[in-house]
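Coordinate analysis (summary)
Here are the chains, one letter per residue:
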Amino acid sequence: MFRYRRKVEMSLKEAEEKLKAKLEEKGYKVVLEFTPSEVVKAKLGVEMEPYRILYVCNPKKFYEMTKVEYEVGSFAPCPVLLYEKEGSVYVAINTADDIVEVIKEPLEEVKAVIESL
C-alpha cells in the first residue's frame, strides 16, 4: 500500500474546512465523517491526538469507475485522513497498487486538493 501524506501548517479544523471547500470545487462531497480518536476515548478511555476520516465521493466519477470495475466500492468513497501527531497536522490518502489505474484520476484530483492546502 502506498500513502500520500502532506504536513500542513494550519489547525486540524482549518485544514478540514479548507479541504472540504476545495473538494467541493472538484465535485466531491463528504458522504461520511468518522472520528476514531473519539471512539477510542469512549470505548477504551484512552486519549489520543485528534484523528478524523472524511469519506469523499464524486458521484459521476464513482459511476464511471463502476463501469470499469464494479467492485471499486471497496476503495470509493475515498477515505481522506486528517490527524495531529506530535503537534503537526497531516492530510493523507492511501492508494493500492492493483486498483490505482481505475481510480487514478480521482486520486490525482484529491491529491491536488491536498497539495493546494
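As a starting point, this report considers the structure included with it. Just so it is clear, the structure is predicted and the values come from calculations on it, not from any experiment.

Turning our eyes to something else, we now look at the pairing of strand 4 (residues 78–85). Remark: a regular strand shows side chains that alternate across the two faces of the sheet. Bridging between strand 3 (residues 51–57) and strand 4 involves six bridges; their strand directions are antiparallel. Residue pairing for strand 4: R52 is matched across the bridge by L82. Hairpin geometry of strand 4 and strand 5 (residues 88–95) is characterised by an intervening segment of two residues between the two adjacent antiparallel strands and by a positive phi of about 55 degrees at E86.

With that settled, consider the pattern of salt bridges. Applying the stated criterion to the full structure yields nine salt bridges. The partner of E16 in a salt bridge is K20, with the nearest N and O atoms 3.0 Å apart. On the criterion of helical spacing, the pair formed by E16 and K20 is a turn pair, its members being four residues apart in helix 1 (residues 12–25). We classify E16 as buried; its relative accessible area is 12%. The exposure class assigned to K20 is partly exposed, which follows from its relative accessible area of 25%. Note that K41 and E47 form a salt bridge whose closest N and O atoms lie 3.0 Å from each other.

The subject of this paragraph is the side chain of E16. Among the polar contacts made by the side chain of E16, one reaches the side chain of R52 at a distance of 2.9 Å. Apart from the residues within four sequence positions on either side, E16 is in contact with E33, R52, L54 and L82.

For the coordinates displayed, the defined rule picks out two aromatic pairs. Plain terms: the ring middles of Y51 and Y83 are 5.6 Å apart, the flat faces sit at 15 degrees to each other, and that makes the pair stacked. Taken as a pair, Y51 in strand 3 and Y83 in strand 4 lie far apart in primary sequence, 32 residues in all. Classification of Y51 by relative accessible area gives partly exposed; the value is 26%. Consider the rings of Y83 and Y90, whose centres lie 5.2 Å apart with planes at 20 degrees: the pair is stacked. Pair check on accessibility: Y83 and Y90 agree, each one buried. An aromatic cluster of at least three residues, connected via ring pairs, comprises Y51, Y83 and Y90.

Quick look at the nonpolar core now. Core analysis: the biggest nonpolar cluster contains 25 residues, and L19, V56, V80, V91, I93, V110 and I114 have the highest contact counts within it. Listed by contribution, the elements that provide at least two residues to this core are strand 1 (2–8), helix 1, strand 3, strand 4, strand 5 and helix 4 (100–115). The element that contributes the greatest number of residues to this core is helix 4, accounting for five residues. One finds I53, L81, Y83 and Y90 within the second-largest nonpolar core, a separate group that totals five residues.

Rules behind the numbers
Residues numbered from 1 in each chain as written. Predicted model: local features only at pLDDT ≥ 70, side-chain atom pairs only at ≥ 80, totals over all residues. Heavy atoms only, no water. Pairing = 2+ DSSP bridges. Helix = DSSP H or I, 4+ residues; strand = E, 2+ residues; numbered from the N terminus. Salt bridge = Lys/Arg side-chain N within 4 Å of Asp/Glu carboxyl O. Buried < 20%, exposed > 50% of the residue type's maximum accessible area, 1.4 Å probe, protein only. Polar contact = N/O pair within 3.5 Å; in protein donor to acceptor, adjacent residues only side chain to side chain. Contact = heavy atoms within 4.5 Å. Phe/Tyr/Trp six-rings, centres within 6.5 Å; stacked < 30°, edge-to-face > 60°. Core = buried A, V, L, I, M, F, W, Y, C linked by side-chain atoms within 4.5 Å.

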